[in-house]
Amino acid sequence: QVQLVESGGGLVQPGGSLRLSCAASGGTFSGYAMGWFRQAPGKEREFVAAAGRSGGITYYADSVKGRFIISRDNAKNTVYLQMSSLKPEDTAVYYCAVKKSASILTRALADFGSWGQGTQVTVSS
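Rules of the game
- Residues numbered from 1 in each chain as written.
- Predicted model: local features only at pLDDT ≥ 70, side-chain atom pairs only at ≥ 80, totals over all residues.
- Heavy atoms only, no water.
- Helix = DSSP H or I, 4+ residues; strand = E, 2+ residues; numbered from the N terminus.
- Rg over C-alpha atoms; globule rule 2.2 N^0.38 Å.
- Buried < 20%, exposed > 50% of the residue type's maximum accessible area, 1.4 Å probe, protein only.
- Contact = heavy atoms within 4.5 Å.
- Areas by Shrake-Rupley, 256 points an atom, 1.4 Å probe, with all protein chains shown as cover.
- Lys, Arg positive; Asp, Glu negative; His and termini not counted.
- Charge placed at Lys NZ, Arg CZ, Asp CG, Glu CD.
- Pairing = 2+ DSSP bridges.
- Disulfide = S-S within 2.5 Å.
- Patch = residues over 30% accessible without salt bridge, like charges linked within 9 Å, V, L, I, M, F, W, Y side chains within 5 Å.
- Salt bridge = Lys/Arg side-chain N within 4 Å of Asp/Glu carboxyl O.
- Polar contact = N/O pair within 3.5 Å; in protein donor to acceptor, adjacent residues only side chain to side chain.

**Examining the overall build of the chain**
Tallying secondary structure elements over the chain gives zero helices and eleven strands in all. On C-alpha atoms alone, the chain measures out to a radius of gyration of 13 Å, which is about the 14 Å that the 2.2 N^0.38 rule sets for 125 residues. Summarising its shape, the C-alpha atoms of the chain cover approximately 40 × 25 × 25 Å along the three principal directions. The buried share of the chain, taken over its 125 residues, is 43%. Considering only intrachain contacts with a sequence separation of at least 6, the fraction spanning at least 24 residues in the chain is 57%. Carbon and sulfur atoms make up 50% of the accessible area of the chain, which totals about 6,300 Å². Computed over 13 positive and 8 negative side-chain charges, the inter-centroid distance for the chain is 5 Å.

Structure follows, in structure tokens:
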């Protein structure tokens, strides 16, 4: 019953920054760990980052570690993905999702659900 809506995507130059937002409704936001995934054309949807219920525990895909930061504001029912030093290979549709399993530090697609509609991020000159 949780509904997620991503926003903040757009066209940025390599090396640029962008912040994505994911607004949640229909559930108790603070009760869910949240994740960001991305999918480029012709590729599988891949894990990007996740944050625990309080945001105190975060983990990242190796490809974005040090460049992306996931955070959340439970008072606003929103999770963010701050992206910096963007590369062309970061181009994808970015999705947020609710972690629906108790698996620790999971990166598995099957452990997340209630997917949003996605927001397009294009990194190009």
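**A word on the pairing of strand β8 (residues 78-83)**
Of all six residues in β8, five are buried; the element is thus mostly enclosed. For strand β7 (residues 68-73) and β8, the ladder comprises six bridges, and the chain directions are antiparallel. What sits directly across from Ile70, in β8, is Leu81. The loop that links β7 with its antiparallel partner β8 comprises four residues; one of these, Asn77, has a positive phi angle of about 50°.

**Brief notes about the state of the cysteines**
Simply put, the disulfide is a covalent bond whose two ends are the sulfur atoms of two cysteines. One pass over the full model with this rule turns up one disulfide. Between Cys22 and Cys96 runs a disulfide, and the two sulfur atoms are separated by 1.9 Å. Taking the torsion about the S-S bond as the criterion, the Cys22 to Cys96 disulfide, at about 60°, is right-handed. One end of the pair, Cys22, is in strand β3 (residues 18-25); the other, Cys96, is in strand β9 (residues 92-99), and 74 residues separate them in sequence. Each member of the pair, Cys22 together with Cys96, is buried.

**Topic: a nonpolar patch on the surface**
Taken together, the side chains of Ile57, Ile104 and Leu105 present a nonpolar region at the surface, about 350 Å² in accessible area. As for its position among the elements, Ile57 is in the loop between β5 (46-51) and β6 (58-60). For Ile57, a relative accessible area of 57% puts it in the exposed group.

**Focus: the side chain of Arg38**
Note on placement: Arg38 falls in strand β4 (residues 34-39). There is a polar contact of 2.7 Å between the side chain of Arg38 and the side chain of Glu46. A distance of 2.8 Å separates the side chain of Arg38 from the side chain of Asp90, its partner in a polar contact.

**Examining the environment of Pro88**
When you line up the elements, Pro88 lands in the loop between β8 and β9. Linking Pro88 and Asn74, residues 14 residues apart in sequence, is a C-alpha distance of 31 Å. Apart from the residues lying within four places of it in its own chain, the contact partners of Pro88 are Pro14 and Val123.

Nothing here speaks to function; it is all geometry.
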